[in-house]
Amino acid sequence: MSEPLRIGVLGAARISGSSLIGPARATGHRVVAVAARDRARAEAYAAEHGVERVAGSYAELIADPEVEVVYNPLANGLHGPWNLAALAAGKHVLSEKPSASNAEEAAEVREAAAKAGTVFMEAFHYLFHPVTRRLHEVLASGEIGELRHVEAMVAIQAPADTDPRWSLPLAGGAVMDLGCYSLHALRMLAPWAGGAPRLVSARGGQRAGAPGVDEWLDADLAFPGGATGSARCHMAYDGLEMSCRIIGSRGEVLAPNFVLPHRDDRVVVRTGDGERTERLGTRSSYTYQLEAFADRVRGGAPLPLDADDAVTTMTLIDAAYRAAGFEPRPRVS
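A quick note: this is a predicted structure, and the numbers were derived from the prediction, not measured.

1. Examining the overall build of the chain
Here is step 1: Scanning the chain from terminus to terminus reveals nine helices and 14 strands.
Here is step 2: Rg of the C-alpha trace for the chain: 19 Å, near the compact-globule value of 20 Å for 333 residues, within the 12% margin.
Here is step 3: Considering only C-alpha atoms, the chain reaches an extent of 60 × 50 × 40 Å along its principal axes.
Here is step 4: Of all 333 residues assigned to the chain, the portion counted as buried reaches 59%.
Here is step 5: Carbon together with sulfur atoms contributes 49% to the accessible area of the chain, which is approximately 13,300 Å² in total.
Here is step 6: If you average the places of the 34 positive and of the 41 negative side-chain charges in the chain, the two averages end up 1 Å apart.

Next up, the structure:
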């Protein structure tokens, strides 16, 4: 293996245990520092996860010469500002999605990444797992015929009312947390659909007690080749659903959980010849992602995600919000 990455983590978010700490341990990379708003939280986090040291602030972590990669899993509204700060400091950045609060801010992140000359990637980890790769392979093979329609649904039970995902000032909402996966999954089918999809219409519902924050949103899209798409999300659902169903002229392929494939690694193919279920392995999608990111940083290997892709996704998110009667998320003031 090449030299381990030296990673600094912004915040003491619970998600980091599975999204970064575990994968770093599995792949031999070092988590050299963590910073949180509350130093005691950062110290507890470092002790629990074996992080080498605690930085006194986010800015101190970004300025640390030993930190070469900054991982940003902060609340959505803090992605843009701290991605910009990390890039300005010449760091590589792995940012949780979405990379910014809106397309304008995402474009600033893209400009900063180009200026820095470092690696910037939005953490759409699902794309690196064999489950999603297999969906694309089945479609590309022609087994299910020409692409006709795709349905992606990402839904969870409601977080607590105090959760930052319900905060408009912190760029919360169902599309920001969940629908970005649905929209991104549809965008990734462009090679088999005559090009990128365009938004046709969208509908959404506001969270009670949280003006301007979407509890759910359904977007309809159309591809240049004639196929259609449905990208749905719901952040107060009666269960968990994270499915992607691709329908062709001769059959269909389904991933019951494309977002968290380590929980359900099935890909189900149905054609006139019958139905079969393939299992693609429960190794974490986050581990595949960190490997790909490290290969880019250390060896220049290509990545399917970059700052341009992040801007395109945020532009589509903003359009979906407007079409459903919401405003794009504000930047943190």
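We are not done yet, so read on.
2. A word on the packing of aromatic side chains
Here is step 1: As enumerated under the stated definition, the model contains six aromatic pairs in all.
Here is step 2: Geometrically, the ring pair formed by Phe124 and Tyr126 is edge-to-face, given 6.3 Å between the ring centres and 85 degrees between the ring planes.
Here is step 3: On the accessibility criterion, Tyr126 (2% relative accessible area) is buried.
Here is step 4: One aromatic cluster is present, formed by Phe124, Tyr126, Tyr181 and Phe258 through successive ring pairs.
Here is step 5: The cationic tip of Arg207 hangs over the ring face of Trp166; the distance from NZ or CZ to the ring centre is 4.2 Å.
Here is step 6: Sitting over the ring of Tyr288, Arg283 keeps its end group 4.6 Å from the ring centre.

3. Looking at helix H6 (residues 130–141)
Here is step 1: Here H6 contains twelve residues, and its C-alpha end-to-end distance of 16 Å stays within 8% of the 16 Å for a straight helix at 1.5 Å per residue.
Here is step 2: Those residues of H6 not exposed but buried are Pro130, Val131, Thr132, Arg134, Leu135, His136, Val138 and Leu139.
Here is step 3: Where the residues of H6 are buried, they touch strand E7 (147–155), strand E11 (241–248), strand E12 (251–255), strand E13 (266–271), strand E14 (274–279) and helix H8 (285–299).
Here is step 4: A positive phi of about 85 degrees marks Gly142, the residue just after H6.

4. Digging into the sheet that holds strand E6 (residues 120–122)
Here is step 1: The six strands lie next to each other as E3-E2-E1-E4-E5-E6, forming an open sheet whose pairing is parallel. Looking at the sheet topology across the chains shown, the edges are occupied by strand E3 (53–54) and E6.
Here is step 2: Across the sheet, helix H4 (residues 79–88) lies against strand E1 (6–10), strand E4 (69–72), strand E5 (92–95) and E6, angled at about 165 degrees from E5, the strand it touches most.

5. Considerations on the state of the cysteines
Here is step 1: Counted under the stated rule, the structure contains zero disulfides.
Here is step 2: Of the cysteine sulfurs around Cys233, a residue in no disulfide, the closest is that of Cys180, at 8.4 Å.
Here is step 3: Cys233 gets classed as buried once you look at its relative accessible area, which sits at 2%.

6. Some points on the pairing of E7
Here is step 1: Summarising the sheet, E7 and E11 pair through eight bridges and their orientation is antiparallel. Paired with Ala155 across the bridge in E11 is Glu241.
Here is step 2: The pairing of E7 with strand E10 (residues 228–234) spans seven bridges and is parallel. When the bridges of E10 are listed, His149 appears paired with Thr228.

7. A look at the environment of Ala196
Here is step 1: Secondary-structure assignment places Ala196 in the loop between helix H7 (174–187) and strand E8 (198–206).
Here is step 2: By relative accessible area, Ala196 is classed as exposed at 54%.
Here is step 3: Each C-alpha atom, one on Ala196 and one on Leu221, is 9.8 Å from the other, the two residues being 25 residues apart in sequence.
Here is step 4: Ignoring anything within four residues of it in the chain, the contact list for Ala196 reads Ala190, Ala222, Phe223 and Pro224.

8. Remarks on the pattern of salt bridges
Here is step 1: According to the stated counting rule, one finds 31 salt bridges in the structure shown.
Here is step 2: The salt bridge involving Glu68 is made with Arg6; its shortest N-O contact spans 3.7 Å. Taken together, the positions of Glu68 in the loop between helix H3 (58–63) and E4 and Arg6 in strand E1 put the pair 62 residues apart, joining distant regions of the chain. Each member of the pair Glu68 and Arg6 is classed as buried.
Here is step 3: Notably, a salt bridge pairs Arg207 with Glu215, separated by 2.9 Å at the nearest N-O pair. For the pair Arg207 and Glu215, one class covers both residues: buried.
Here is step 4: The structure contains a network of salt bridges with shared partners spanning Arg30, Glu52, Arg53, Asp64 and Glu66.

What counts, and at which threshold
- Residues numbered from 1 in each chain as written.
- Predicted model: local features only at pLDDT ≥ 70, side-chain atom pairs only at ≥ 80, totals over all residues.
- Heavy atoms only, no water.
- Helix = DSSP H or I, 4+ residues; strand = E, 2+ residues; numbered from the N terminus.
- Rg over C-alpha atoms; globule rule 2.2 N^0.38 Å.
- Buried < 20%, exposed > 50% of the residue type's maximum accessible area, 1.4 Å probe, protein only.
- Areas by Shrake-Rupley, 256 points an atom, 1.4 Å probe, with all protein chains shown as cover.
- Lys, Arg positive; Asp, Glu negative; His and termini not counted.
- Charge placed at Lys NZ, Arg CZ, Asp CG, Glu CD.
- Phe/Tyr/Trp six-rings, centres within 6.5 Å; stacked < 30°, edge-to-face > 60°.
- Lys NZ or Arg CZ within 6 Å of the ring centre and 35° of its normal.
- Expected span 1.5 Å × (residues − 1).
- Contact = heavy atoms within 4.5 Å.
- Pairing = 2+ DSSP bridges.
- Axes fitted to C-alpha atoms, helices over the stretch in contact; angles between N-to-C directions.
- Disulfide = S-S within 2.5 Å.
- Salt bridge = Lys/Arg side-chain N within 4 Å of Asp/Glu carboxyl O.

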